[in-house]
Amino acid sequence: MNETSMTTAKVINGIQIWPQEKIERFRTTLLSWYDIEKRDLPWRKNNDPYRIWVSEIMLQQTRVDTVIPYYLNFMRTFPSIEALSQAEEDTLLKTWEGLGYYSRVRNLQKAAIQIMEEYNGEMPRDPKEIIKLKGIGPYTTGAIASMAFGLPEPAVDGNIMRILSRLFEIDADIAVPANRKLFEEILREIIDPYRPGDFNQALMDLGATICTPKNYHPEKSPVKEFNQSYLNGTWEKYPVKSKKKKAKPVYYAGVVISNQKGELLLEKRPSNGLLASMWTFPLLEESQISQFFAKGKFLSPKEGTSDYSVNELNDQLDLFYGIKPVLIKEPIAGDTHIFSHLKWHMAIYYGELPKNDLIDSIPEHCAWVKPEDFDQYTFPGPQMKMWAAYKNKFLEK
DNA sequence: AAATCGGGGGC
DNA sequence: GCCCCAGATTT
């Protein structure tokens, strides 16, 4: 390679970056497209760092259409960083109900408290400070720095890795976290220093609407003349992305228990781990009630279960919840729920406490709750499914 | 480097 | 079923 040739266009990890003139043409082309086609989104009304921050956290691994109603409600409930810093945990969790990745909202509040205590109530401008805030990683740092403060920082998300991979025919696996740095380096070279926030958002809009993972038609792209994989006819190869592992199956019996007053037993999950601090009907794992499942196989209501299984379930309910309900022998329903790394198989049972039973011996983390008060509790997806199964069986006939 | 952490939409 | 989504944190 001749280092004195041309205007010394850069090479990053074997990737040939464009000459300056071409970079500038790309910026103009992309931003001209963005100025006409950009999506009208609620967090784009102004450059308030708080608004941008909240939207970026919600948008992590979550689609725009899903986020919009949550975002509007969240900003009504917590209009300022100070309001967020003072929120009750249950109120906070309720605003995220159904959105998933619930540690996001817990970290959001922790960061709000950090900002109140360490940054005088204002989002810091320095990326080195922004990234110290809880729940804010390299992507969100770049997004806030560029969109709120106009700094030329890369914000590399899935969209941008896919786009750059196709533009430059990059063979690095975008599923490997360590490869993100390569895309950041490239983006630093081509980002528009005058409109960095718009540049990052333009790429995201392009990735969401045209440079999509599937049904991709490179000839429709406003920047097709810059797209090396399109020009070379190799675009179907990019991006290179390795597959992730399948969700591991886990088996549960979910149990709906009613007391004499028509209240149902709920339990609050531990404050750490999956679905932390959220409420569900009692769930008993396969390891505790292995008799419910034959050799790891889920026994659906159709397939039936044995009396012995129900007796075993009664023992477990007595042991873990201090209750002795009378159970219906067959499950009232069966359902599954898929997480990123787990697949829950739930057999849903129903039982009632006998008239003469004591109901005041349940554990600290449990509660008897009237169904009309369920809206005061935060329910995750699997609980919604169990509750729907119960209603379908007993309430809506 | 790999696992954990949710849920929904598209095909 | 599989893949993906404006990823971050923990192990």
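Residues numbered from 1 in each chain as written. Chains lettered and ligands numbered in written order. Predicted model: local features only at pLDDT ≥ 70, side-chain atom pairs only at ≥ 80, totals over all residues. Heavy atoms only, no water.

## So, the overall build of chain A
What chain A contains, in helices and strands, is 14 helices and 10 strands. Along the first, second and third principal axes, the C-alpha atoms of chain A reach 90 × 50 × 35 Å. Within chain A, the fraction of its 397 residues that count as buried is 50%. Put simply, of all contacts in chain A between residues at least 6 apart along the chain, 67% involve residues at least 24 apart. Carbon and sulfur atoms form 50% of the exposed surface of chain A, whose accessible area is close to 20600 Å². Charged side chains of chain A number 50 positive and 52 negative; the gap between the two group centres comes to 5 Å. (Helix = DSSP H or I, 4+ residues; strand = E, 2+ residues; numbered from the N terminus. Buried < 20%, exposed > 50% of the residue type's maximum accessible area, 1.4 Å probe, protein only. Contact = heavy atoms within 4.5 Å. Areas by Shrake-Rupley, 256 points an atom, 1.4 Å probe, with all protein chains shown as cover. Lys, Arg positive; Asp, Glu negative; His and termini not counted. Charge placed at Lys NZ, Arg CZ, Asp CG, Glu CD.)

## Overview of the protein's contact with DNA strand C
What surrounds DNA strand C is a group of 31 residues, the closest being Glu56, Gly135, Tyr139, Asp157 and Arg162. Measuring from a sugar or linking oxygen of DNA strand C, one finds a side-chain N or O atom of aspartate 157 at 2.6 Å. A distance of 2.9 Å is found between a phosphate oxygen of DNA strand C and a side-chain nitrogen or oxygen belonging to asparagine 159. Of all the secondary structure elements, the ones that give two or more residues to the surface near DNA strand C are helix 2 (49-59), helix 8 (138-149) and helix 9 (158-168). Here the surface near DNA strand C is built from residues that sort into 10 nonpolar, 8 polar and 13 charged. (Near = heavy atom within 4 Å. Polar contact = N/O pair within 3.5 Å; in protein donor to acceptor, adjacent residues only side chain to side chain. Nonpolar A, V, L, I, M, F, W, Y, C, P; charged D, E, K, R; others polar.)

## Thoughts on the protein's contact with DNA strand B
Near DNA strand B lie 22 residues; those nearest to it are Arg63, Tyr101, Tyr102, Leu275 and Ser340. The sugar-phosphate share of atoms of DNA strand B within 4 Å of the protein amounts to 58%. Leucine 274 has a polar backbone atom sitting 3.4 Å from a phosphate oxygen of DNA strand B.

## Remarks on the UniProt feature "domain: HhH-GPD" (unreviewed entry) in chain A
When the UniProt feature table is mapped to this numbering, "domain: HhH-GPD" (unreviewed entry) covers residues 58-209. A distance of 19 Å separates the end C-alpha atoms of residues 58-209, which is 64% helix and 0% strand. (UniProt positions renumbered as here; feature names shortened; annotations may be inferred.)

## Some words on helix 2
For an α-helix, 3.6 residues make a turn, and residues three or four places apart therefore share a direction. Counting buried positions along helix 2 yields 11 of 11 residues, so the element is predominantly enclosed. In this fold, the buried residues of helix 2 make contact with helix 3 (64-77), helix 4 (81-85), helix 5 (89-96), helix 6 (103-118) and helix 8. With a side-chain oxygen lying 3.1 Å from the backbone nitrogen of tyrosine 50, the N-terminal cap of helix 2 falls on aspartate 48. With its phi angle positive at about 55°, glutamine 61 sits one or two positions after the end of helix 2.

## Notes on the pairing of strand 8 (residues 333-338)
Bridging between strand 8 and strand 9 (residues 342-352) involves 6 bridges; their strand directions are antiparallel. Residue pairing for strand 9: isoleucine 338 is matched across the bridge by lysine 343. Linking strand 8 to strand 9, which pair antiparallel, is a turn of 3 residues. (Pairing = 2+ DSSP bridges.)

## Things to note about the environment of leucine 265
Among the structural elements, leucine 265 can be located in strand 4 (residues 264-268). In the structure, leucine 265 is positioned 105 residues away from lysine 370 in sequence and 9.0 Å away in space, judged by C-alpha atoms. Here leucine 265 is in contact with Ile257, Thr280, Phe281, Pro282, Tyr321, Ile323, Ile362, Cys366, Ala367 and Trp368, once residues within four sequence places are set aside.

## A short note on the domain arrangement of chain A
Each domain of chain A was delimited in the assignment, giving domain 1 (11-237) and domain 2 (248-395). Opposite the 8 residues of domain 1 that make contact, domain 2 presents 12 residues. With both sides pooled, the region where domain 1 packs onto domain 2 buries about 730 Å², and carbon together with sulfur makes up 46% of that total. Inspection of the domain 1/domain 2 interface yields 1 salt bridge. For lysine 268, the salt bridge identified is with aspartate 90, shortest N-O distance 3.9 Å. Across the contact surface, domain 1 and domain 2 share 5 residue pairs in polar contact (both at pLDDT 80 or more). Of the residues forming the side of domain 1 that touches domain 2, the biggest block, 4 residues, is contributed by helix 5. (Domains from an automatic or database assignment. Buried area = accessible area lost by both parts, 1.4 Å probe. Salt bridge = Lys/Arg side-chain N within 4 Å of Asp/Glu carboxyl O.)

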